[in-house]
Amino acid sequence: MKRTLITLALAATGFVAAQSVYAQAASSEKPPRAKGIESPGYVWNTPDKDLNRALDYKASAKRGKVAYKICKGCHLPDGTGQADALYPQLAGQHPSVTLKQMMDIRAGRRDNPKMAPFVGDWIVSAEELADIAAHLKSLPPPANNGKGDGKSLAKGKELYEKDCASCHGKNGEGDGKKFYPVVANQHYGYLLRETRESRDQGRRNASPDMVKVLKGYSDADVAAVSDYMSRLSLAKK
Amino acid sequence: MTSLQFGRIAALAFLMTPMAALAGDASKAISLAGNLCASCHGEDGNSLVPNFPKLAGQQAVYLLRELKDYKSGKRESEVMVPLVASLSDEDLANLAAFYASQKAAPGTVTDPALLPVGKALYLKGNAKSGIPTCESCHEEDGSGGGKFPRVAGQNVEYALEQFKLYAAGKRTNGTRVMKTIAERMTEQETRAVAEYMASMR
């Protein structure tokens, strides 16, 4: 009987305490922010301690599969993201690219308030991020990624081969050594947004070379080149 | 629980030596759990009070982290902080091991109509509002793992309270991921997920 009374008394206390707590205002933590392309003297891909630690680490795709847990809630177990939600597909991406982007988000060089909490050092270490990047590299890129309307592919091809292929590769294969991403098999919606944001300097960790190239692009040009990229494929034919 | 069962747990703990240091000794926490915790959390950690969490079968790593955070004040609670203040780190480890080793009883669903919505959210999230799936960290069966707590069979009231505390920035530990998620959920979504978690075994 005594125990029941204690239970009830404590239950009531807990309930009241919790209720009063709800009434107080929320205190939002600000996402991290570091210098980006908008800052004078911005240098792309400056050496970063966290990134270098991850790059030097002997990563394991097997361990990465476990650590990927925290990512798969959005990017899906197969790493292919979600086209309509603008979650990029990550399967087959160069580990250096995946790592750089994760570290940029973590450090506030690339703004991504949606993802920032999931890539912080409170939830994943630099080594775990390296393992995750290795795991993603080992996954096959999807053939059924989101595509554009297909109406301006000739224009898209022309722009891509003139302006993009020298870095991102004729087939969209990128270059891991230079941190240039694979763009093949990527979702159209994501490519469209990121290309536009790079042009408009909203993607703050963009390469100034790319921003320069995109400067004269109209929205239609951005859409055309994004559609063309979404149709590039690294899948074995 | 018989002494034979304790012996088995002790033997198991010995076999898992790297874990043992972290996991503590369940058998050493019996009287402490009975005297201090049982009135709210139940003899075996299957709390019958809706707004107190079930601890039976909970992840040991998670339990220990929470207990330590109560002790350090990192996780706020008018009830828990004073209760664990006088306990040693060894007591906390033993308690975590004790509750982790208990069998979780089935949860109580209070609004079955919400289960389909809750299940969809738990397994698929809500891409429109940026809610990741719950199963990615808490597993499809709600068993959790390591620092990610078991949610299967959890009391609906407790789960709802935690969602609210997270969203309001008032759950003061382990917050950054769950705060982000809770902020993006509607109250109805938190209810649906809480019901679905209670339904899992």
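Residues numbered from 1 in each chain as written. Chains lettered and ligands numbered in written order. Predicted model: local features only at pLDDT ≥ 70, side-chain atom pairs only at ≥ 80, totals over all residues. Heavy atoms only, no water.

Digging into the overall build of chain B
- A count of helices and strands for chain B gives eleven helices and zero strands.
- For chain B, the α and β elements follow one another from N to C terminus as α-α-α-α-α-α-α-α-α-α-α.
- Relative to its 201 residues, chain B shows a buried fraction of 51%.
- Contacts spanning at least 24 positions in sequence make up 68% of the contacts within chain B whose residues lie at least 6 apart.
- Carbon and sulfur atoms provide 59% of the accessible area of chain B, an area that totals close to 9,200 Å². (Helix = DSSP H or I, 4+ residues; strand = E, 2+ residues; numbered from the N terminus. Buried < 20%, exposed > 50% of the residue type's maximum accessible area, 1.4 Å probe, protein only. Contact = heavy atoms within 4.5 Å. Areas by Shrake-Rupley, 256 points an atom, 1.4 Å probe, with all protein chains shown as cover.)

Structural notes on empty space enclosed by the protein
All names here are of chain B.
- In this structure the tally under the stated criterion is one cavity of 30 Å³ or more.
- Approximately 50 Å³ is the volume found for the largest cavity.
- Lining the largest cavity are Lys 54, Leu 55, Ala 56, Gln 58, Ala 104, Arg 150, Ala 152, Gly 153 and Gln 154.
- Considering only residue class, the lining of the largest cavity consists of four nonpolar, three polar and two charged.
- Here the lining of the largest cavity gathers at least three residues from each of two domains, domain 1 (22–100) and domain 2 (112–199). (1 Å grid on protein atoms, 1.4 Å probe; cavity = no way out; pocket = protein on both sides within 12 Å on 5 of 7 lines; lining within 4 Å. Points joined across faces, edges and corners; volume = space filled by probe spheres on them. Nonpolar A, V, L, I, M, F, W, Y, C, P; charged D, E, K, R; others polar. Domains from an automatic or database assignment.)

Some remarks on the domain arrangement of chain A
Residues and elements named next belong to chain A.
- The domains assigned to chain A are domain 1 (49–140) and domain 2 (153–231).
- Using only C-alpha atoms to locate each centre, domain 1 and domain 2 end up separated by 21 Å.
- Taken together, the contact pairs 22 residues of domain 1 with 18 residues of domain 2.
- Taken together, both faces of the contact between domain 1 and domain 2 bury some 1,600 Å²; the carbon and sulfur share is 50%.
- Taken together, the links from domain 1 to domain 2 amount to two salt bridges.
- The shortest N-O distance in the salt bridge between Arg 110 and Glu 194 comes to 3.4 Å.
- For the side of domain 1 that touches domain 2, the element with the highest residue contribution is helix α5 (residues 95–107), accounting for five residues.
- Its residues assigned to classes, the side of domain 1 that touches domain 2 comprises seven nonpolar, ten polar and five charged. (Buried area = accessible area lost by both parts, 1.4 Å probe. Salt bridge = Lys/Arg side-chain N within 4 Å of Asp/Glu carboxyl O.)

Points about the packing of helix α9 (residues 156–167) of chain B against helix α11 (residues 187–199) of chain B
Residue and element names in this part refer to chain B.
- Put simply, α9 and α11 touch, their axes get as near as 9 Å, and they point 140° apart. Considering the angle they form, α9 stands oblique to α11. Like other packed secondary-structure pairs, α9 and α11 cross with a definite hand, here right-handed. Contact with α9, carried on its side by Val 156, Ala 159, Leu 160, Phe 163 and Lys 164, involves Glu 187, Thr 190, Arg 191, Val 193, Ala 194, Glu 195, Met 197 and Ala 198 of α11 and no other residues of that element.
- Partitioning the contact of α9 with α11 into residue classes produces eight nonpolar, one polar and four charged. (Axes fitted to C-alpha atoms, helices over the stretch in contact; angles between N-to-C directions. Parallel < 35°, antiparallel > 145°, perpendicular 65-115°, else oblique. Left-handed = near helix turned anticlockwise from the far one by under 90°.)

Considerations on the packing of α9 of chain B against helix α10 (residues 175–184) of chain B
All names here are of chain B.
- At their nearest, the axes of α9 and α10 sit 8 Å apart, and the two run at 100° to each other. Considered as vectors, α9 and α10 are oriented roughly perpendicular to each other. Taken together, the residues of α10 that come into contact with α9 (itself represented by Phe 163, Tyr 166 and Ala 167) are Thr 175, Met 178, Lys 179, Ala 182 and Glu 183.
- Residue classes in the contact of α9 with α10 are distributed as five nonpolar, one polar and two charged.

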